[in-house]
Each structure stands twice: as structure tokens, then as C-alpha cells.
Amino acid sequence: MDLRGQVALVTGASRGLGRAIALALARAGADVAVNYARSATLAQEVAGGIAGLGRKAVPIGADVADFAQVEKMCDQVIKEFGKIDILVNNAGITRDTLLLRMKEEDWDAVIDTNLKSIYNCTKAVARPMLKQRSGRIVNITSVVGIMGNAGQANYAAAKAGIIGFTRSVARELGSRGITVNAIAPGFITSEMTEGLAEEVKRSYLAQIPLERFGSPEDVAGAVLFLVSPEASYITGQTIHVDGGLLMC
Ligand code: NAP
């Protein structure tokens, strides 16, 4: 994959999947804006790793749930890099609990950070991408958005919403050379999953035909493909990166 000359914005790139995606894009030649919410030091380390690969990187703190902060972030990307070719909407959180115990704050936080953020960031980059008549948008959803999961009604609703958003915006932006796709990871090793009970992990593992959990690099590989010229005729799709956990 040759992404030399491309500029990417990756949300939630301070750790986990976003970090692996940012580094993979840089290895392929892209310059990268590294968004984070709280982990400034980690984001700085990711940017340092990208600079070590000979690419430009700028860490940018912004809460993706807040439209004003997202607009400011995108303005900063354009100012520092001159354009945005690739947006990876990766930032996400969980607030897991059963519906009857789920507080309104748990619902709002997950919907705002995982779904409203996709609207915020996509809307903010759409204008410059429309002007340049090209762009690649990749939204990180989850197999949970398709299969549902007890204890994750908020998360599953947000992730299902991302799939509908992806298909709708792919239809809106396709005529201007912009593709919009989603990736649905299964169980990927990261801070988000490390706190889960051992029995929950064992039960997931038993359902994965490839008999291992995914790595952030497994997801990054699919992102690289979707933003590459090789994927220029693919839009509105959701690619599962889940070791075969969910086949549909
Ligand atoms: P993670 O290790 O918890 O990392 C989450 C990232 O999102 C961090 O960089 C965090 O930044 C950032 N973030 C959180 N809230 C934010 C906000 N309001 N504004 C900007 N950035 C924010 O999670 P992960 O496992 O890498 O997950 C990444 C994405 O993959 C999420 O969308 C998640 O739902 C999805 N996913 C993960 C799995 C899995 O098994 N791990 C499976 C399916 C889907 P700070 O460090 O600054 O807080």
C-alpha cells in the first residue's frame, strides 16, 4: 500500500486500535494527525513513533463528541498539513451494564462518543474532501452492533447506528470520489477488552473459528486496504475483522 503524499486524521489514536492504525498508515507513507481525548503523553509518543518513520505527525487533543472541538481540530489539520485525505473514526468508549441498571449518563456518554462523534468528524471533513473530489472515510463499528450483546445496549445501538450512517453517507458522497466504509472488529486485545472477566474471554474464544483474539494490527491491515487505491471501487461496506466470530 503506497500512501505517500496522503494526510490522515485518526481519532482516538493515543492507544489500542487507533494507535496501530496511525502507525500502519504512517508506515505506508501517510502523514498523520493523532487525535486523543486525555492521553496527551501517549499521543505524543505515537506522534514520535510516526516521526521516527520519517512522516509528519501532530497530536491534537479534542473531544470527538463535541462538534465545536472537532471543527477546531479539522481546521488545525488543514492548517498544519494543507488537506485531509483520510479520516478514520476510531475513538470509542464502553459503559457496560444491563439495561435496567443503565443510567441516562451511561447511555448519553456512549452514544455521544461512539456515534455523534462520527457525525461530527465526517461532517467536518466532508467539505474539504468534496472540494478536492476525493477522500476515504473508515468508521470503526463492532460485531456487537450486528449481533447485540447483553450489557451493551448503549454500545450496540451506537455501533449499529454507525453502519446505517456509513451506508447513507456512502450514497451521498460517492459521486464526488469519496468512499465511506466500516470495519467491524470482533474481540481485539486492547485496554477496552483487558478488563473483561476471564470466563467472558474464554466464552468468546470458544466461538472464534481462528482460535485467537485479534490484535490492533489485524484491524489496521483492513483500514490500510480500505484507504488504498486497491479499494477505490468499495463503498458503503462493513468488513468484519473478527476471526470468523460472526459470519453473515
Ligand atoms: P481503547 O484502547 O479504550 O482506546 C480508546 C481510544 O479512544 C483512546 O485513544 C481514547 O483517547 C479515545 N477516546 C475516547 N473517548 C474519546 C473522545 N471523547 N474524544 C477523542 N478520543 C477519545 O479502545 P480500543 O479497543 O482501541 O477501541 C477503539 C475502537 O474500536 C472503538 O471505537 C471501539 O468501540 C472499537 N472496537 C474495539 C474492539 C475491541 O475488542 N477492542 C472491538 C470492536 C470495536 P484517550 O487515550 O485520550 O482517552
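An account of the accompanying structure is given in this report. Predicted model only: the values in this text are computed from it and were never measured. (Residues numbered from 1 in each chain as written. Predicted model: local features only at pLDDT ≥ 70, side-chain atom pairs only at ≥ 80, totals over all residues. Heavy atoms only, no water.)

## Side note on the site of the ligand
In the region of the ligand, 32 residues are neighbours, and Arg15, Arg38, Ser39, Tyr155 and Ser190 sit closest. In the model, a nitrogen atom of the ligand is placed 3.0 Å from a nitrogen or oxygen of the Val64 main chain. Burial of the ligand by the protein chains amounts to 96% of its free accessible area of 900 Å². Mapped onto the shell around the ligand, the elements with two or more residues apiece are helix 1 (16–27), strand 2 (31–36), helix 6 (153–173) and helix 7 (191–194). Considering each element in turn, the shell around the ligand owes the most residues, three residues, to helix 7. Residues belonging to the shell around the ligand are distributed by class as follows: 14 nonpolar, 13 polar and five charged. (Near = heavy atom within 4 Å. Polar contact = N/O pair within 3.5 Å; in protein donor to acceptor, adjacent residues only side chain to side chain. Areas by Shrake-Rupley, 256 points an atom, 1.4 Å probe, with all protein chains shown as cover. Helix = DSSP H or I, 4+ residues; strand = E, 2+ residues; numbered from the N terminus. Nonpolar A, V, L, I, M, F, W, Y, C, P; charged D, E, K, R; others polar.)

## Some thoughts on helix 1
If you check helix 1, its first and last C-alpha atoms are 17 Å apart, about what 12 residues at 1.5 Å a residue would give, namely 16 Å. Of all 12 residues that make up helix 1, nine are buried, and the element is covered over most of its length. Leu17, Gly18, Ala20, Ile21, Ala22, Leu23, Ala24, Leu25 and Ala26 are the residues of helix 1 that are buried. (Expected span 1.5 Å × (residues − 1). Buried < 20%, exposed > 50% of the residue type's maximum accessible area, 1.4 Å probe, protein only.)

## Remarks on a negative patch on the surface
A contiguous patch of negative charge on the surface is contributed by Asp63, Glu104, Glu105, Asp108 and Asp112. One can find Asp108 in helix 4 (residues 104–132). Assessed through its relative accessible area of 34%, Asp108 is described here as partly exposed. (Patch = residues over 30% accessible without salt bridge, like charges linked within 9 Å, V, L, I, M, F, W, Y side chains within 5 Å. Salt bridge = Lys/Arg side-chain N within 4 Å of Asp/Glu carboxyl O. Lys, Arg positive; Asp, Glu negative; His and termini not counted. Charge placed at Lys NZ, Arg CZ, Asp CG, Glu CD.)

## Structural notes on unusual backbone geometry
For Arg133, which is not glycine, the phi torsion reads 55° and is therefore positive. Assignment of secondary structure puts Arg133 in the loop between helix 4 and strand 5 (135–140). Despite not being glycine, Glu211 has its phi angle at roughly 55°, a positive value. The topology assignment puts Glu211 in the loop between helix 8 (198–206) and helix 9 (216–227). Taking relative accessible area as the criterion, Glu211 reaches 66% and is therefore assigned exposed.

## Quick look at the packing of aromatic side chains
What the rule picks out here adds up to three aromatic pairs. Considering the side-chain rings of Phe67 and Tyr119, the 6.2 Å spacing of their centres and the 35° angle between planes classify their relative orientation as tilted. Here the residue Phe67 occupies a position in helix 3 (residues 67–81), and Tyr119 occupies one in helix 4, the gap between them amounting to 52 residues. Overall, Phe67 belongs to the partly exposed group, its relative accessible area being 25%. Put simply, the rings of Phe187, Tyr204 and Phe213 pair up and form one aromatic cluster. Sitting over the face of the ring of Phe81, Lys56 holds its NZ or CZ atom 4.9 Å from the ring centroid. (Phe/Tyr/Trp six-rings, centres within 6.5 Å; stacked < 30°, edge-to-face > 60°. Lys NZ or Arg CZ within 6 Å of the ring centre and 35° of its normal.)

## Some remarks on the environment of Ala124
Residue placement: Ala124 occurs in helix 4. Its relative accessible area of 16% is what places Ala124 among the buried residues. For the pair Ala124 and Cys74, spaced 50 residues apart in sequence, the C-alpha separation works out to 6.6 Å. Beyond its immediate sequence surroundings of up to four residues, Ala124 is in contact with Val70 and Cys74. (Contact = heavy atoms within 4.5 Å.)

## What about the packing of helix 3 against helix 4?
At a minimum axis distance of 9 Å, the contact between helix 3 and helix 4 shows a crossing angle of 35°. Crossing geometry of helix 3 relative to helix 4 is assigned as right-handed. Listed contacts from helix 4 to Phe67, Val70, Met73, Cys74 and Ile78 of helix 3 are Asn120, Cys121, Lys123, Ala124, Val125 and Pro128. The class makeup of the residues in the contact of helix 3 with helix 4 is nine nonpolar, one polar and one charged. (Axes fitted to C-alpha atoms, helices over the stretch in contact; angles between N-to-C directions. Left-handed = near helix turned anticlockwise from the far one by under 90°.)

## Describing the environment of Gly16
With respect to the helices, strands and loops of the structure, Gly16 is situated in helix 1. Considering only alpha carbons, one finds Gly16 and Asn90, 74 residues apart in sequence, at a separation of 9.8 Å. The residues touching Gly16, leaving out its near neighbours within four places in the chain, are Ser190 and Pro216.

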